[in-house]
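# Chains, contacts and geometry: an overview
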Amino acid sequence: MTRLLGILNVTPDSFSDGGVWGDTQAAIDRGVELHELGADYVDVGGESTRPGAEPVDPEEERRRVLPVVAGLADRRVPVSIDTMHADVARAALDVGARLVNDVSGGLADSAMAPLIASAGVPYIAMHWRGGADAAPQYRDVVADVKAELKTRVAELLIFGVDPAKLIVDPGLGFAKKNVHNWALLGHLEEFARLGGGVLIGASRKRFVGKLLPPDAPFEDRDAPTAIITALAARSGAWGVRVHDVAASRQALDVWERWRHGAESTREPAALPVGATESVFESAT
Ligand code: PMM
């Protein structure tokens, strides 16, 4: 079944949740809530990747995320750490994170690939062209992104990263125009074959907002996001990264019933807090 990563940005400047969860205890409580709503992982990030955002010093990033990761791990909530920095990833793994989500796919920090190889944890490698402000120029966006991810995967494997634990991500909204994002979504199946599965992060992104009136609030992007979740699941996605976990959980439950009938589906949020599920047992 497609996994849900619930977004928990602990940044003062996150573009879509306004940094509401900046306070440590509030962030931990919110992470527990995301898990109870059906997030298989709570994806904790301390550096905003929105266009124009200031890079964050890894020391400051660690200060933001570690207490939250540790607090969630204490509550037995599975945590993924969203970082480009190997030091931050290592420290987060040390206090209980179980997965590393890297929007640079290892390109931002040469220490990341060896760390992932030695830690043996699942790793999400996103397609990246040097940040959210990089040029969105492609000859054929599907072929180009696929080729660049394939190169990335090959380089990661040389370091000893386990191919079965390597999830690729086409990087929606990162150096991508509106048309590019939809073209990538329309060819999602092709990306799953590059590694152990494919994850997408469409939630509340600008291209989703373009479906709505220009002044619509961010929350209005949650309904189209949940529909994308259902379609991604139908395309065999390993996972989706979303803000509104409850809506995407429902989308996945609908898809499971559609596919298997009512009897064979797990009940919503049936995984109790702290339950562990092998992340890769049904990667395909
Ligand atoms: N997008 C953002 C942050 N992290 N991680 C992955 N794997 N894929 C994404 O598309 C992705 C990500 C930016 O979105 P946010 O600021 O709403 O968290």
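An account of the accompanying structure is given in this report. Position numbers for residues count from 1 along each chain, tracking the sequence in the order it is written. Selection of residues for local features in this predicted model requires a pLDDT of at least 70, selection of side-chain atom pairs for listing and counting requires 80 or more, and totals for whole chains, interfaces and linings are taken over all residues. Heavy atoms throughout the structure, all of them, feed into the side-chain values; hydrogens and water do not.

Opposite charge on two side chains allows them to pair when their charged atoms are near. Salt bridge, as applied in this entry: a Lys or Arg side-chain nitrogen positioned within 4 Å of an Asp or Glu carboxyl oxygen. Taken as a whole, this structure holds 14 salt bridges when the rule is applied. Across the pair Arg241 and Asp43 runs a salt bridge whose closest N-O atoms are separated by 2.7 Å. Of this pair, Arg241 sits in strand E8 (residues 239–242) while Asp43 sits in strand E2 (residues 41–45); the two residues are 198 residues apart in sequence, bridging distant segments of the chain. Both residues of the pair, Arg241 and Asp43, count as buried. Note that Arg62 and Glu59 form a salt bridge whose closest N and O atoms lie 2.5 Å from each other. Here Arg62 and its partner Glu59 are both found in helix H2 (residues 58–74), three residues apart, which amounts to about one turn of the helix. Residue classification places Glu59 among the partly exposed positions, given a relative accessible area of 48%. One salt-bridge network, in which partners are shared between bridges, spans Asp43, Asp82 and Arg241. Elements are defined by DSSP. Helices are runs of H or I of four residues or more, strands are runs of E of two residues or more, and each kind is numbered from the N terminus. Only protein chains enter the area calculation, which uses a 1.4 Å probe; residues under 20% of their type maximum are buried, those over 50% are exposed, and those in between are partly exposed.

What follows covers helix H5 (residues 141–158). Here H5 contains 18 residues, and its C-alpha end-to-end distance of 26 Å stays within 8% of the 26 Å for a straight helix at 1.5 Å per residue. Turning to H5, its buried residues number three or more, namely Val141, Val142, Asp144, Val145, Leu149, Arg152, Val153 and Leu156. Between two residues, a contact is recorded if the distance between any of their heavy atoms is within 4.5 Å. Next to the buried residues of H5 lie helix H4 (112–119), strand E5 (123–126), strand E6 (166–169), helix H6 (178–186) and helix H7 (188–192). With a side-chain oxygen positioned 3.2 Å from the backbone nitrogen of Val142, the residue opening H5 is Asp140. What a helix should span is 1.5 Å times the count of its residues minus one. Between N or O atoms, a polar contact is any pair within 3.5 Å; within protein, one atom must be a potential hydrogen donor and the other a potential acceptor, and residues adjacent in sequence are included only when both atoms are from side chains.

Right, let's talk about the sheet that holds E2 for a bit. Between any two strands, at least two bridges found by DSSP are needed for them to pair. One open sheet holds the eight strands; their spatial order is E6-E5-E4-E3-E2-E1-E8-E7, and the pairing between them is parallel. The sheet is open, and its two edges are formed by E6 and strand E7 (199–200), each paired on a single side. Only the stretch in contact is used when a helix axis is fitted, and all axes are lines through C-alpha atoms; the angle between N-to-C directions ranges over 0 to 180 degrees. Of the strands in this sheet, strand E1 (3–9) and E2 touch helix H1 (residues 24–37), which is tilted by about 165° from E1. Contacts from helix H9 (residues 222–234) reach E7 and E8 within the one sheet, and its direction differs from that of E8 by about 170°.

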